[in-house]
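Okay, here's what each chain looks like letter by letter:
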Amino acid sequence: MHNQTLDAQAVILTGEGDRGALDYLRSLARENIGCVVVSTDEHEIASRSRYCRKLFLVQPYRESNDSHNVKVLVELGKRFSEKPVLIYGEDINMLFVSRNRDELQKYYRFLMPPRGLAEKFVNKTDFQRLAETHDIPVPKTRIVHSYEELVEVSKHISYPAFIKPAFTMNWSFDSPELRKKYKGYKFALRPFRSAEEMLEFCRDLPLGNGGVLVQEFIEGSDREIFSFHGYFDEHSRPLAYFVGRKIRTFPMHHGGSTCIETVDEPTVAQIGITSLQKVNFCGIVKIDMKKNPLDGTFKILEVNPRYTLWESLGAFAGMNLCAIAFHHQRGEPTEPVKHTYALGYKWLFFKQDFRAFLTGYWRSGEFTLTQYLNSLRGRKIYQLWDWKDPLPLCYSAGQFWGKQVGKVVHKVTRS
């Protein structure tokens, strides 16, 4: 690694399926904050952005690779004239930073929950226990560690019920048989209307390594799922926050966000702030909650102590949490609690959103074509397209069509 000083002020740690690196990069660029990107993928889409100063590669964020990756980041950190701010997305990236925080803090600025607390948010069974201890509103939940235990629990719960693993990574499905049956983590999430349906589907699911949560399912459309996004200082005071809600996901209902918008929902903000202060939280955060359409109450579904793709929507609407975190971590003056932002602004991942509409929402009758088109109206930004920064979309399109041509060539040569 060359020793030339880098002309940048922040480092974005990404890879391992992180969809948000381009969002963080563009959010920081709104305030002319220069960034380099560190990824596990040499084809990292964010590195094609005009705002990326340079791309550096690391190995996958497994503990066995920590020594190598820390060495890469230490050498990188030495090339800055002053400590850069470290931005991280995805649980596996955040856990890497948390495990190695003592060494990384010598070369980088970042603020995250106390040691052990960040891990409890990622481990859904630990978070469930934390929520029960601190009276944080979550759905009724049972934790099981074996199929036999699931069979017994299935006799004593109400339906519909919902199952999710302690760690998202537990359902990565390495074997071809499991991938064929379950496809992937997001596709395996679904409500079950009976014990028989649940037990049949879960027969081959991995239930170890922290167990799985058997949770009450809150009925309602995706528009009942709200998100609190905030940044808290060392004393657990919110410096800034905003609220959004989902419009559609892919796969439908339980997948990744494809269309989201900013909204005003004071109850969500109040629950988010109160819950985090109960555990002395600090740093960046996203909390997903679902509103029960029957009684209007909100229950927390999960807490993500990391940056997410929502950051660019907040920045577009006037609440740039990436930049606020950057200035605070550099010790620069911050304004009093900031929570005023534009409402009804949208973020759209058009390819996946249209796919979600065709394969799910239209077939189920949740959206007619007219309703779908109306939902796209208003001011919005896109997951890839930005007229000031067109190369990521061009590169992505080139990759897509290259794969299609490759498939055709493969079929022709085989025949």
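The structure under discussion appears in the preceding block.
Each chain has its residues counted from 1, running along the sequence as written. Local features in this predicted model are restricted to residues whose pLDDT is 70 or higher, and side-chain atom pairs enter the listing and the counts only when it is 80 or higher, whereas totals over whole chains, interfaces and linings include all residues. Side-chain descriptors were evaluated using all non-hydrogen atoms of the structure, hydrogens and water having been removed beforehand.

> Before we go on, may I ask you to explain the overall build of the protein chain in this structure?
In DSSP terms, a helix is any run of H or I states spanning at least four residues, a strand is any run of E spanning at least two, and both are numbered starting from the N terminus. Along the protein chain, the regular secondary structure elements total 16 helices and 15 strands. Taken over the C-alpha atoms alone, the protein chain extends approximately 65 × 65 × 45 Å along its principal axes. The buried share among the 415 residues of the protein chain stands at 53%. Looking at the protein chain, you have 57 positive and 48 negative side-chain charges, and the mean spots of the two groups are 5 Å apart. Exposed residues in this analysis have more than 50% of their type's maximum accessible area, buried residues have under 20%, and partly exposed residues fall in between, with area computed by a 1.4 Å probe over protein chains only. Under the convention used here, Asp and Glu are negative, Lys and Arg are positive, and both His and the chain ends fall outside the count. Note that the charge is assigned to NZ on lysines, CZ on arginines, CG on aspartates and CD on glutamates.

> Explanation requested: the layout of surface pockets in the structure shown.
Vacant regions in the atomic arrangement are exposed by a probe of water-molecule size rolled over the atoms. One number sums up the size of the second largest pocket: a volume of about 530 Å³. Looking at the lining of the second largest pocket, the elements with two or more residues in it are α1 (21-29), α12 (310-316) and β15 (380-382). It is α1 that provides the largest number of residues to the lining of the second largest pocket, a total of 4 residues. Class assignment of the residues belonging to the lining of the second largest pocket gives a composition of 9 nonpolar, 4 polar and 8 charged. We place a 1 Å grid over just the protein atoms. Points where a 1.4 Å probe fits but has no way out form a cavity, open points with protein on both sides within 12 Å along at least 5 of 7 lines form a pocket, and any residue with an atom within 4 Å of a point lines it. Grid points are joined across faces, edges and corners, and a volume is the space filled by probe spheres set on the points. The nonpolar class holds Ala, Val, Leu, Ile, Met, Phe, Trp, Tyr, Cys and Pro. Asp, Glu, Lys and Arg form the charged class, and all remaining residues, Gly among them, are polar.

> I keep staring at the pairing of strand β4 (residues 85-88) and nothing clicks. Help me out?
The side chains of a regular strand alternate between the sheet's two faces. Alternating residues of β4 divide into Val85 and Ile87 and Leu86 and Tyr88, and every residue in both groups is buried. Paired strands are those between which DSSP finds at least two bridges. In terms of strand pairing, strand β1 (residues 10-13) meets β4 through 4 bridges, oriented parallel. In the strand pairing of β4, Ile12 is matched with Ile87.

> I keep staring at a nonpolar patch on the surface and nothing clicks. Help me out?
Any residue with relative accessible area above 30% and no salt bridge may belong to a patch, with like charges joined within 9 Å and the nonpolar Val, Leu, Ile, Met, Phe, Trp and Tyr side chains within 5 Å. Shrake-Rupley sampling with a 1.4 Å probe provides the accessible areas, and residues are treated as covered by the protein chains on show and by no other component. Just to be clear on terms, a salt bridge is a Lys or Arg side-chain nitrogen sitting within 4 Å of an Asp or Glu carboxyl oxygen. A contiguous nonpolar patch, built from Phe350, Phe354, Leu358 and Trp362 and spanning about 390 Å² of accessible area, is present on the exposed surface. Looking at where Leu358 falls in the secondary structure, it is placed in helix α14 (residues 350-364).

> Mind showing me how you'd approach the environment of Val405 here?
Mapping Val405 onto the fold places it in helix α16 (residues 391-414). Of the residues examined, Val405 reaches a relative accessible area of 51% and is grouped as exposed.

> I'm lost on the packing of α1 against helix α13 (residues 321-329) in this one. Help?
To describe two helices that pack against each other, one gives the angle between their axes and the distance between the axes. Only the contacting stretch of a helix is used when fitting its axis, a line to C-alpha atoms as for every element, and angles between N-to-C directions run 0 to 180 degrees. Running from amino to carboxyl end, α1 crosses α13 at an angle of 65°, the nearest separation of the two axes being 8 Å. As summarised for this structure, α1 and α13 are arranged roughly perpendicular, according to the angle between their axes. Crossing geometry of α1 relative to α13 is assigned as right-handed. Contact residues: Tyr24, Ser27 and Leu28 in α1; Cys322, Ala323 and Phe326 in α13. Taken together, the residues of the contact of α1 with α13 sort by class into 5 nonpolar, 1 polar and no charged. Note on terminology: angles under 35 degrees are roughly parallel, angles over 145 are roughly antiparallel, angles of 65 to 115 are roughly perpendicular, and the others are oblique. Should the near helix be turned anticlockwise from the far one by less than a right angle, the crossing is termed left-handed; should it be turned clockwise, right-handed. Here a residue-residue contact requires only that any non-hydrogen atoms of the pair lie within 4.5 Å.

> I keep staring at the nonpolar core and nothing clicks. Help me out?
Soluble globular proteins: nonpolar side chains tend toward being buried together. Residues Phe228 and Ile300 are the most contacted members of the largest nonpolar core, which totals 67 residues. Here this core takes 6 residues from α13, the largest share from any one element. Not counting residues up to four positions away in its chain, the partners in contact with Phe228 are Tyr241, Phe242, Val243, Val268, Ala269, Gly272, Ile273, Leu276, Val285, Lys286, Ile287 and Met289. Membership of the second largest hydrophobic core comes to 29 residues, among which are Val58, Leu73, Leu95 and Phe96. Buried Ala, Val, Leu, Ile, Met, Phe, Trp, Tyr and Cys residues that are joined via side-chain atoms within 4.5 Å together make up what is termed a nonpolar core.

> What exactly am I supposed to notice about the sheet that holds strand β5 (residues 141-144) here?
Note: strands within a sheet are paired through backbone hydrogen bonds, in either parallel or antiparallel orientation. Taken in spatial order, the 4 strands of this open sheet run β5-β8-β6-β7, and their pairing is antiparallel. Looking at strand neighbours, the two that pair on one side only are β5 and β7 (191-192), the edges of this open sheet. Of the strand pairs in this sheet, strand β6 (residues 161-165) and β7 are connected by 2 bridges, and their pairing is antiparallel. Bridge pairing in β7 links Phe162 to Pro191.

> Please clarify how the sheet that holds strand β9 (residues 225-232) should be interpreted in this entry.
Read across the sheet, 7 strands follow the order β13-β12-β9-β10-β11-β14-β15 without closing on themselves; strand pairing throughout is mixed. Both outer strands of the open sheet, β13 (298-304) and β15, are each paired with one neighbouring strand and no more. Sheet twist, expressed as the mean angle between neighbouring strand axes with direction ignored, is 25°. Sheet topology places β9 next to strand β12 (residues 283-291); 8 bridges connect them, and they run antiparallel. When the bridges of β12 are listed, Ser227 appears paired with Asp288.

> Honestly, α1 in this entry has me stumped. Any pointers?
Given 3.6 residues per helical turn, the α-helix brings residues three or four places apart onto the same face. With 9 of 9 residues buried, α1 is to be regarded as a mostly interior element. Among the residues of α1, Ala21, Leu22, Asp23, Tyr24, Leu25, Arg26, Ser27, Leu28 and Ala29 are the ones counted as buried.

> Help me understand empty space enclosed by the protein in this model?
The final tally for this structure, using the stated rule, is 2 cavities of 30 Å³ or more. Within this model, the largest cavity holds a volume of roughly 70 Å³. Along the walls of the largest cavity sit 13 residues, with Lys124, Phe127, Lys164, Leu301 and Glu302 positioned nearest its centre. Only α6 (124-133), β8 (212-216) and β13 provide two or more residues apiece to the lining of the largest cavity. When residues in the lining of the largest cavity are grouped by element, the largest group, 4 residues, is from β13. Among the residues forming the lining of the largest cavity, the class breakdown is 8 nonpolar, 2 polar and 3 charged.

> Is there a simple way to think about the side chain of Arg248 in this case?
As for its placement among the helices and strands, Arg248 is situated in strand β10 (residues 238-250). A relative accessible area of 0% places Arg248 in the buried class. Discounting chain neighbours no more than four positions away, the residues touching Arg248 are Asp222, Ser257, Thr258, Cys259, Asp353, Tyr361, Phe367, Tyr372, Ser375 and Leu376.

> Is there a simple way to explain the environment of Val337 in this structure?
The topology assignment puts Val337 in the loop between α13 and β14 (346-348). Excluding residues within four positions of it along the chain, Val337 makes contact with Pro238, Leu239 and Tyr241.

> Looking at this structure, I do not really get helix α2 (residues 66-77). What am I missing?
To estimate the expected span of a helix, count its residues, drop one, and scale the result by 1.5 Å. Helix length check: α2 (12 residues) gives 16 Å between terminal C-alpha atoms against 16 Å at 1.5 Å per residue, within 8%. All of the buried residues in α2 are Asp66, Asn69, Val70, Val72, Leu73, Val74, Leu76 and Gly77. Looking at the buried positions of α2, the neighbouring elements they touch are β1, β2 (35-39), β3 (52-57), α3 (91-99) and α4 (101-104).

The quantities given are spatial measurements derived from coordinates; they are silent on function.
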